[in-house]
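# An overview of the molecular structure
Below, each chain spelled out in residue letters.
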Amino acid sequence: MNQPYKHYTVEYNNLIHQDHWLPRLLSGSYQIQGLEGKKGVLFSNSILEKFILAEEKHDIFKLTSGKNRRLRTFSTGEQRKALLSFLLQQNPDFIVLSNPYEGLDKTSVSLLKKQLLSLSKKIPTIFMVNRQDDLLPIITHVIQFNKDQLKAVIPIEDYHLKKSVFIFDKDIPPAITVYKDMPEVLVELKDVNVSYNDSPILHNINWTIKKNEFWKLTGPNGAGKTTLLALIYGNNSKGYGQEVYLFGKKKGTGESVWDIKQRIGYISPSMLELFKLSHTVEQMIVSGFFDSIGLYQTPSTLQSNAAAKWMEVLNLSKEKNTPFLKLPSATQLLILIARAMIKHPPLLILDEPLINADDTGAALIIALINKIAKESATSILFVSHRYESNIQTDFTYQLSPTPNGSVGIKTSQNMPKSKN
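Residues numbered from 1 in each chain as written. Predicted model: local features only at pLDDT ≥ 70, side-chain atom pairs only at ≥ 80, totals over all residues. Heavy atoms only, no water.

## Comments concerning the overall build of the chain
We count it as follows: In this text, helices come from DSSP runs of H or I with a minimum length of four residues, and strands from runs of E with a minimum of two, each type numbered from the N-terminal end. Radius of gyration: C-alpha atoms only; globule rule: 2.2 Å multiplied by the number of residues to the exponent 0.38. Remark: exposure states derive from per-residue accessible area (1.4 Å probe, protein chains only) relative to the maximum for the residue type, with buried under 20%, exposed over 50%, and partly exposed in between. We call two residues in contact when some of their heavy atoms are within 4.5 Å. With residues, only the protein chains shown are counted as cover, and all accessible areas are computed by Shrake-Rupley using a 1.4 Å probe. Residues scored as charged are limited to Lys and Arg (positive) and Asp and Glu (negative), so that His and the chain ends carry no count. For the purpose of locating charges, the reference atoms are NZ of Lys, CZ of Arg, CG of Asp and CD of Glu.
Scanning the chain from terminus to terminus reveals ten helices and 16 strands. Computed over the C-alpha atoms, the radius of gyration of the chain is 23 Å, within 12% of the 22 Å expected from 2.2 N^0.38 for a compact globule of 420 residues. Overall, the C-alpha framework of the chain stretches about 70 × 55 × 45 Å when taken along its three principal axes. Counting the 420 residues in the chain, one finds 50% classified as buried. Taking the intrachain contacts of the chain between residues at least 6 apart in sequence as the baseline, contacts between residues at least 24 apart amount to 68%. Here the chain displays about 21,000 Å² of accessible surface, and carbon together with sulfur accounts for 49% of that area. Positive and negative charge centroids in the chain, built from 49 and 39 side chains respectively, lie 1 Å apart.

## Here's the deal with the sheet that holds strand E11 (residues 249-250)
Hydrogen bonds between backbone groups are what pair the strands of a sheet, and the pairing can be parallel or antiparallel. Rules: Two strands pair under a simple rule: DSSP has to find at least two bridges between them.
Strand order in the open sheet formed by four strands is E8-E7-E10-E11, and the pairing between neighbours is antiparallel. Pairing within the sheet leaves two strands with one partner each, and these edge strands are strand E8 (199-210) and E11. Taken together, the four bridges between strand E7 (residues 185-196) and strand E10 (residues 243-246) define a ladder with antiparallel strand orientation. Opposite Lys 190, over in E10, you have Glu 243 as the bridge partner.

## A word on the pattern of salt bridges
Put simply, the rule is: When a carboxyl oxygen of Asp or Glu lies within 4 Å of a side-chain nitrogen of Lys or Arg, that pair is called a salt bridge.
Taken as a whole, this structure holds 13 salt bridges when the rule is applied. Ionic pairing is found between Asp 59 and Arg 70, a salt bridge with its closest N-O pair at 3.0 Å. In this pair, Asp 59 sits in the loop between helix H2 (45-58) and helix H3 (76-88) while Arg 70 sits in the loop between H2 and H3, placing the two residues eleven residues apart along the sequence. Relative accessible area serves as the criterion here: at 49%, Asp 59 is assigned to the partly exposed category.

## A closer look at the packing of aromatic side chains
Selection rule: Whether two aromatic rings pair depends on their centres lying within 6.5 Å, for rings of Phe, Tyr and Trp, where Trp uses its six-membered ring; planes under 30 degrees apart make the pair stacked, over 60 edge-to-face, and the rest tilted. Only when the NZ of Lys or the CZ of Arg is both within 6 Å of the ring centre and within 35 degrees of the ring normal is a charge said to sit over the ring.
Summed over the entire model, instances satisfying the criterion amount to eight aromatic pairs. Between the aromatic rings of Tyr 30 and Phe 145, the centroid separation amounts to 5.1 Å while the plane-to-plane angle is 55°, which identifies the pairing as tilted. In this pair, Tyr 30 is assigned in the loop between helix H1 (18-26) and strand E2 (40-43) and Phe 145 in strand E5 (residues 141-146), connecting sequence segments 115 residues apart. Accessibility assignment for this pair places Tyr 30 and Phe 145 in one class, buried. A connected cluster of aromatic rings, assembled from ring pairs, spans Trp 207, Trp 215, Phe 395 and Tyr 397. Lying across the ring of Tyr 101, Lys 113 places its NZ or CZ 5.4 Å from the centre. Sitting over the face of the ring of Phe 395, Lys 410 holds its NZ or CZ atom 4.7 Å from the ring centroid.

## Some points on the sheet that holds E5
Operational definition: Only the contacting stretch of a helix is used when fitting its axis, a line to C-alpha atoms as for every element, and angles between N-to-C directions run 0 to 180 degrees.
Read across the sheet, six strands follow the order E2-E3-E4-E1-E5-E6 without closing on themselves; strand pairing throughout is mixed. A single partner strand is all that each edge strand has here, and the edge strands are E2 and strand E6 (149-155). This sheet shows a mean twist of 25° between the axes of neighbouring strands, independent of strand direction. Pairing of strand E1 (residues 8-10) with E5, which is carried by three bridges, proceeds in the parallel orientation. Across the sheet, Thr 9 pairs through a bridge with Val 142, a residue of E5.

## Overview of the nonpolar core
Rule in force here: Buried Ala, Val, Leu, Ile, Met, Phe, Trp, Tyr and Cys residues form a nonpolar core when they are joined through side-chain atoms within 4.5 Å.
Ranked by internal contacts, the top residues of the largest apolar core, which has 79 residues, are Trp 207, Leu 228, Ile 285, Leu 314 and Leu 381. Sorting elements by how many residues they give to this core places helix H9 (residues 329-341) first, with nine residues. Each residue touching Leu 314, except ones within four places of it in the same chain, is listed here: Phe 168, Ile 285, Leu 334, Ile 335, Ala 338 and Leu 368. Counting residues in each nonpolar core, the second largest holds 46 residues, with Leu 63, Leu 119, Phe 127 and Ile 143 among its members.

## A word on the environment of Gln 31
Here Gln 31 lies in the loop between H1 and E2. Once the C-alpha coordinates of Gln 31 and Pro 220 are considered, the two residues, 189 residues apart in sequence, prove to be 41 Å apart. Apart from residues no more than four positions distant in its own chain, Gln 31 is found in contact with Glu 36 and Leu 150.

See the structure below:
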């Protein structure tokens with residue numbers, strides 16, 4: 001039996017130019033079967049953020065009317081549900097879904113997929129996704145654009161996705177920064193409890209991260225992953241007075257945030273918003289020695305040579321003078337990892353480093369992370385809401401919600417890897 005509607009996905013390479021074609025697509029201006037002359041709605045993080053700002057700045061509660069709660073207090077899954085419900089109340093002819101599962105845990109993704117499958121029986125859907133695994137089996141065609149021009153609409157069975165293969169064939173550059181008297185245990189949390197406004201977040205957390213270990217931190221939305229990271233890396237007041245030890249010293253006993261951050265490399269996609277000026281690839285990587293947003297000091301010859309070796313590892317030597325902001329997001333994240341690793345910190349925290357990457361970019365980033373884990377003495381803490389089959393962690397720390405706050409469970413993933 002044929003589907004009553006055609007369902008589409010937009011070729012990933014076109015998403016960077018969506019400002020050109022998306023308004024015309026939503027207005028039904030293209031000759032696409034089932035969409036021409038129709039009006040669509042957009043389901044995306046950017047649309048959701050507009051509603052959140054409207055609540056905070058103008059007290060306009062379109063998505064939360066009658067709920068006596070602000071949208072910002074909802075979980076990620078609840079926010080998506082509220083937005084989808086509101087959009088469907090507008091009786092659109094079709095809906096465009098931009099990375100609908102971004103930031104959702106496994107359970108929330110499963111629930112949303114069921115909802116979208118049900119929705120697909122009622123109206124046409126168009127998916128704009130970074131990862132091919134996020135596409136539903138209902139997709140019938142792939143749309144290709146050339147800037148604002150419709151290039152082709154290809155039946156899914158005739159579309160062949162081209163995948164690039166990247167190989168890092170250079171060794172990780174050796175450390176030139178020395179950390180004296182570094183203990184075997186880098187991070188230790190003993191019976192840590194955190195609550196906000198009498199709502200328990202973390203309950204009796206006991207966790208130890210040692211030298212040369214590769215960890216994955218996971219858990220559903222709202223389980224407290226961000227809170228736990230803030231206890232380690234941030235200036236979270238909830239960590240003071242508790243049994244939180246960083247590099248052999250109890251937190252809050254005299255060390256500064258600067259002292260802690262000197263020993264930790266940290267990246268997340270949100271960091272991309274910090275870099276607004278036209279710093280080059282070389283300047284970005286060298287700035288990791290100074291933990292600065294951009295390069296404002298003259299690096300030593302040794303530091304410049306280290307940056308050059310990292311660019312060789314990333315196959316970016318020819319782009320050394322290219323502005324960082326002009327590069328694809330996956331390449332930017334690779335550079336941020338090199339920037340964080342150039343001083344070989346004892347601990348590297350990677351907070352959702354794949355959230356905006358496509359399949360090719362994710363494979364590239366994972367390959368670099370695995371390489372760092374194998375070839376350096378740095379311990380790695382990889383944080384993700386999504387299962388990634390190729391990440392070669394030693395251990396997982398799983399946060400599981402309970403009425404008293406999330407508890408932590410340690411599991412072994414693979415046999416610990418030998419490191420040079």
